[in-house]
Amino acid sequence: MEEKNLGKILKEKFNQGASSYDRQRKHVIPCLEDLYGVTSDLATSPNPKPKILDLGAGTGLLTSYLHQRYPEGCFTLLDLSEEMLEVAESRFKKDSNFSYIVGDYLKHDFGEEFDIIISSLSIHHLEHSDKKFLYGKIYQHLGPGGVFINADQVLGPHPASEEEYQRNWMEKIHLGSLSESEKKIILDRMKLDNPARLQDNLKWLEEIGYRDVDVYYKYYNFVVLYGKK
C-alpha cells in the first residue's frame, strides 16, 4: 500500500469512533494494562521533568500512565487523527505542559531532543522499511541516555506461531458489549495491521545503534520493545 494512501486510510479509520476508542481498546487488547504498565515502568529518566514524545498518541491513554509518573514532565502528543487528539486534549485540559501536533510522524520534523519517546499500537501499521526509518529518526531525536519504548504487535516467527497468536487473540477479544458499528470499526482497523517479526524489530534497533535493546514484555503477539541512546 502506498504511504500516502496508508496515511489517509489510517487517519480516516482512527477518526471514526475516537470518543469510544479507550473503551474499545480494553475489549480488544487482552493485556492492555500490562502493556502500558510495563511501558511506564521502563520510562526512566534522571530528569524529574523529562521531555516526552508520544508517537501515534491517539487519545493519550498511554501518555496518562507516564503523566502519573512524571506530573511535571513536558509532553508532546503527535497523531494523524484530529479527533483522537481532541479526546487527549480533553483528558489533559488542566495541564499546561502539553502540546498536540496533528501530523504524520514519518514526515513531521520533531525539531528537538527528548528524554523519552514512546509509541503504542501504531508503528506496526507501517511498511517494514518505514518502521526501520522511523526507529532511526527517533534515535536522532533522543538526548544522550534517552530511551525509546514501543508497545506494539509483532508477527509470529513461524506460520504455526502466527496462527496461535491469532487464535489466542480472537479467543480473548470481548466484543459482546460493543455495538455492531463499533465492531465493524475495530475489525476494519485490524485489516490494516502489518506487524514485523520480533527478531526483525530487535535487529533494526541494534543496527541503528540503540543500546540495551530488549523485549521486556511479551504476550503472544503483543510486546514492549526497549532501546537506549
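This text follows the structure it describes.
Residues numbered from 1 in each chain as written. Predicted model: local features only at pLDDT ≥ 70, side-chain atom pairs only at ≥ 80, totals over all residues. Heavy atoms only, no water.

## Examining the overall build of the protein
Scanning the protein from N- to C-terminus turns up 9 helices and 7 strands. Contacts spanning at least 24 positions in sequence make up 73% of the contacts within the protein whose residues lie at least 6 apart. Accessible surface, the protein as shown: approximately 10,600 Å² in total, 51% of it carbon and sulfur. (Helix = DSSP H or I, 4+ residues; strand = E, 2+ residues; numbered from the N terminus. Contact = heavy atoms within 4.5 Å. Areas by Shrake-Rupley, 256 points an atom, 1.4 Å probe, with all protein chains shown as cover.)

## Quick notes on the pattern of salt bridges
Any two side chains of opposite charge can pair, on the condition that their charged atoms come close. On inspection of all chains with the given rule, the structure shows 9 salt bridges. Put simply, Arg 167 and Glu 164 hold a salt bridge, and the shortest N to O gap is 2.6 Å. Of the two residues, Arg 167 and Glu 164 are both situated in helix α7 (residues 159-172); the distance of 3 residues between them amounts to about one turn of the helix. Accessibility expressed as a relative area gives 33% for Glu 164, which makes it partly exposed. Linking Glu 171 and Lys 172 is a salt bridge whose minimum nitrogen-to-oxygen distance equals 3.6 Å. Look at Lys 172 and you get partly exposed, because its relative accessible area is 27%. The structure contains a network of salt bridges with shared partners spanning Glu 164, Arg 167, Glu 171 and Lys 172. (Salt bridge = Lys/Arg side-chain N within 4 Å of Asp/Glu carboxyl O. Buried < 20%, exposed > 50% of the residue type's maximum accessible area, 1.4 Å probe, protein only.)

## Here's the deal with the pairing of strand β2 (residues 74-79)
Of all 6 residues making up β2, 5 are buried, and the element is well covered by its neighbours. By the bridge criterion, 5 bridges tie strand β1 (residues 51-55) to β2 in an arrangement that is parallel. Within β2, the position partnered with Ile 52 by the bridge is Phe 75. Once the chain exits β1 it traverses helix α4 (residues 61-69) before rejoining the sheet at β2, and the crossover so formed is right-handed. Regarding the hand of the β-α-β motif, the stretch spanning β2, helix α5 (residues 82-91) and strand β3 (residues 98-102) is right-handed. (Pairing = 2+ DSSP bridges. Right-handed = clockwise from strand over helix to strand, strands pointing away.)

## Some details on the packing of helix α3 (residues 32-42) against α4
Two elements in contact, α3 and α4, have axes whose closest approach is 9 Å; the angle formed by their N-to-C orientations is 45°. Regarding the angle of α3 to α4, the classification is oblique. Crossing of α3 over α4 shows right-handed handedness. Contact residues: Leu 32, Glu 33, Tyr 36, Gly 37, Thr 39, Ser 40, Asp 41 and Leu 42 in α3; Leu 61, Leu 62, Tyr 65, Leu 66 and Arg 69 in α4. (Axes fitted to C-alpha atoms, helices over the stretch in contact; angles between N-to-C directions. Parallel < 35°, antiparallel > 145°, perpendicular 65-115°, else oblique. Left-handed = near helix turned anticlockwise from the far one by under 90°.)

## Some points on the sheet that holds β3
Whether parallel or antiparallel, the strands of a sheet pair through hydrogen bonds between backbone atoms. With mixed pairing, 7 strands are arranged side by side in an open sheet as β3-β2-β1-β4-β5-β7-β6. What marks the edges here is a single partner per strand, and that holds for β3 and β6 (211-219). Going from strand to strand, the sheet's axes swing by 15° on average, the running direction of each strand aside. Relative to strand β5 (residues 142-153), strand β4 (residues 114-120) is paired through 6 bridges, and the arrangement is parallel. Bridge pairing in β5 links Phe 114 to Leu 142. Against the sheet, α5 makes contact with β2 and β3, and its axis sits at roughly 170° relative to β3, the strand it touches most.

## Describing the packing of aromatic side chains
Summed over all chains, the structure comprises 10 aromatic pairs. Judged by centre distance (5.2 Å) and plane angle (90°), the ring pair of Trp 169 and Phe 222 falls under edge-to-face. Residue Trp 169 is found in helix α7, and its partner Phe 222 is found in strand β7 (residues 222-228); the two are separated by 53 residues along the sequence. Relative to Tyr 226, the ring of Tyr 216 lies with its centre 5.4 Å away and its plane at 75°, an arrangement referred to as edge-to-face. Of the two residues, Tyr 216 is situated in strand β6 and Tyr 226 in strand β7; the sequence distance between them amounts to 10 residues. (Phe/Tyr/Trp six-rings, centres within 6.5 Å; stacked < 30°, edge-to-face > 60°.)

## Things to note about the environment of Val 154
Note that Val 154 resides in the loop between β5 and α7. Sequence spacing of Val 154 and Asn 194 is 40 residues, and the spatial spacing of their C-alpha atoms is 8.5 Å. Beyond its immediate sequence surroundings of up to four residues, Val 154 is in contact with Glu 162, Tyr 165, Pro 195, Ala 196, Arg 197, Leu 198, Asn 201, Asn 221 and Val 223.

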